[in-house]
Amino acid sequence: MTVQLDYEVLVIGAGFGGIGAAVQLRKAGIEDFLIVDKNAGIGGTWWANTYPGVAVDIPSIYYSFSYEPPKKWSRMFAPGAEVQQYAEQVVDSFDLRSRIRLNTTILSADWDERHNVWRVALVGGETLVARYIIGAIGALEVPALPDIPGFDNYGGKVVHTSRWDHDFDYSGQRIAVIGTGATALQLIPEMADIAEQLTVFQRTPIWVAPKPDFPIPAIVRDALLNVPVLRRTVRAAVTVGIDFGLTGIGVFHERIPFLAKALERGGAAGYKVWLRGEPELAEQLTPHYAPGCKRPSVSNRYLKTFTQPNVQLVTTPIAKITENGVMTEDGTEHEIDVLVCATGFKVMGKGTTPPFPTRGVGGADLNEFWDEHKFQAYQGVSVPGFPNSFLITGPYGFAAGSYLAMIECTSRHAARAIAESRRRGATRIEIKQAPHDAYYAKYRERSEKSLWLSPACEGSNTYYVNYQGDAAAIRPSTHLEMWWGNKHFPFDDYRYARSMVAAETGDRTLESV
């Protein structure tokens, strides 16, 4: 008995991962696909995160697909609204709008071993049947709320930065911000401008570099848009800069451990200069771990914000949340009107990647597999025991820098694998155990020698390191190696088979192809 497919490929997530996957499918000649997303609009994290000050933290020219330059590019570091508009641009350029279904939440995904298909259950009772699924759910998906006693008892306004309430008037309020990461860095100066009193509760200080942000002149924007060789040259220069900077320092830390210490000393000296006349404040804001342990942050306003008379920096640990505010361990209660949680996301957290059950061969759940065996995936894309399933932001897949650069690589990988499976007439494709294990062992070994798992990052509380103590969110390699590995992986690293189902009995055999 044959099974009726709703779609050949179901792409889960309409952020840049899902959009990039759809583009690569079309380039590979695969047209029967659907993108689903729980949100009411496209863009993923750029649809959800609209807090004041949201922007990219790497140059915009690298936060775009190489094959689709942004038509609207106002600044060196694009504001969030422009990034979301860029997502819309890509959708329209590749005629994807009719292939996207929004307001569609997934309950579970189950592998049908008999028919070699995935059955994806949706909220509302509908089930979609697809030969292949591509998980394009980004890392910044499940908000992490503060695990602080009394949090649920607070009587005022509570908002997480990823769920910003634009209908609420924050002006003239006593605002508290919990968290001082990459999001808070952008938000805090904006809140300081409108708050009667802004209190920032800092657990871990962050390294901040000056932000070379400026309006892009029209003549430069037009040249980058219309002269491909110029755009590629600039992108290549940025890529090399990231590889020699962030990636090189992080991946090759064991060979150059002195560099981390030198950067830490230099950064501390820079903070004293930036906050001259405020030695106590400079000490409170200076990290005691190496630059690069957390996501690099750039701002021209963040540090100076704490010198404003209506801004208070609190470094005493929080004891509990009360009905009226935040009490620190010294017994001080800070009364507030608004509690802002800039506490990030559960990146490769337990049971959150993906945020629904995904059951492969024998009913094995992907989250349970990773919890028991640690996060792992071949090229960050494929996991043994989960046939016909591909990831865009999987473990050890992201060479730190631009997520869109990674998406180009991993989505091309997924489309290339699906196209090869179709060429062979297969109904099933699965990564073989040996190449998967070899990849995992190689990058796990590199990771253990990296900056992020070294003593230089102790106390950084970086989301690069997950609850298992692994830096699985990062592929410890250069961008060139990430690109090459996904573009040229051997087809025989996968196993291909065709299901032979007897029409009358339903008995099934597999034929290798």
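Residues numbered from 1 in each chain as written. Predicted model: local features only at pLDDT ≥ 70, side-chain atom pairs only at ≥ 80, totals over all residues. Heavy atoms only, no water.

So, on to the pairing of strand 13 (residues 318-321). One ladder, built from three bridges, connects strand 13 with strand 14 (residues 325-328); its direction is antiparallel. Looking across to strand 14, one finds that K320 is bridged to M327. Between the antiparallel neighbours strand 13 and strand 14 lie three residues. (Pairing = 2+ DSSP bridges. Helix = DSSP H or I, 4+ residues; strand = E, 2+ residues; numbered from the N terminus.)

Reading fine detail from the predicted coordinates is not recommended where pLDDT is low. Of all residues in the chain, 97% attain a pLDDT of 70 or more, and the chain-wide mean is 93. Predicted confidence for residues 502-507 stays below pLDDT 50, and this span has seven contacts to residues more than four positions away or in other chains. (pLDDT = per-residue confidence, 0-100. Contact = heavy atoms within 4.5 Å.)

Before going further, it helps to spend a moment on the pattern of salt bridges. Taken as a whole and judged by the stated rule, the model has 29 salt bridges. Residues E141 and K38 are paired through a salt bridge, measuring 2.7 Å at the closest nitrogen-oxygen approach. Taken together, the residues span a long stretch of sequence, with E141 in the loop between strand 6 (127-135) and strand 7 (157-160) and K38 in the loop between strand 2 (33-36) and helix 2 (45-48) at a distance of 103 residues. Two residues, R424 and D492, come together in a salt bridge whose shortest N-O distance is 3.3 Å. Of this pair, R424 sits in the loop between helix 11 (403-423) and strand 19 (428-431) while D492 sits in the loop between helix 13 (479-487) and strand 20 (494-501), placing them 68 residues apart in sequence. With relative accessibility at 23%, the residue R424 sits in the partly exposed group. (Salt bridge = Lys/Arg side-chain N within 4 Å of Asp/Glu carboxyl O. Buried < 20%, exposed > 50% of the residue type's maximum accessible area, 1.4 Å probe, protein only.)

Here we take up the nonpolar core. Among the nonpolar cores identified, the biggest contains 138 residues, and F16, I134, L198, F390 and Y494 are the most heavily contacted of them. The element contributing the most residues to this core is helix 11, with nine residues. In contact with Y494, other than residues within four places in its own chain, are Y378, V381, S382, F390, H413, A417, I429, E430, I431, K432 and F489. Residues I148, F151, I321 and V326 belong to the second largest nonpolar core, which totals twelve residues. (Core = buried A, V, L, I, M, F, W, Y, C linked by side-chain atoms within 4.5 Å.)

Right, let's talk about the state of the cysteines for a bit. The final tally for this structure, using the stated rule, is one disulfide. Disulfide pairing places C293 opposite C457 at an S-S distance of 2.0 Å. Across the S-S bond linking C293 and C457, the dihedral sits near -90°, which makes this disulfide left-handed. Taken together, the positions of C293 in the loop between helix 8 (279-285) and strand 11 (297-298) and C457 in the loop between helix 12 (433-448) and helix 13 put the pair 164 residues apart, joining distant regions of the chain. Looking at C457, the relative accessible area reads 6%, which means it is buried. (Disulfide = S-S within 2.5 Å.)

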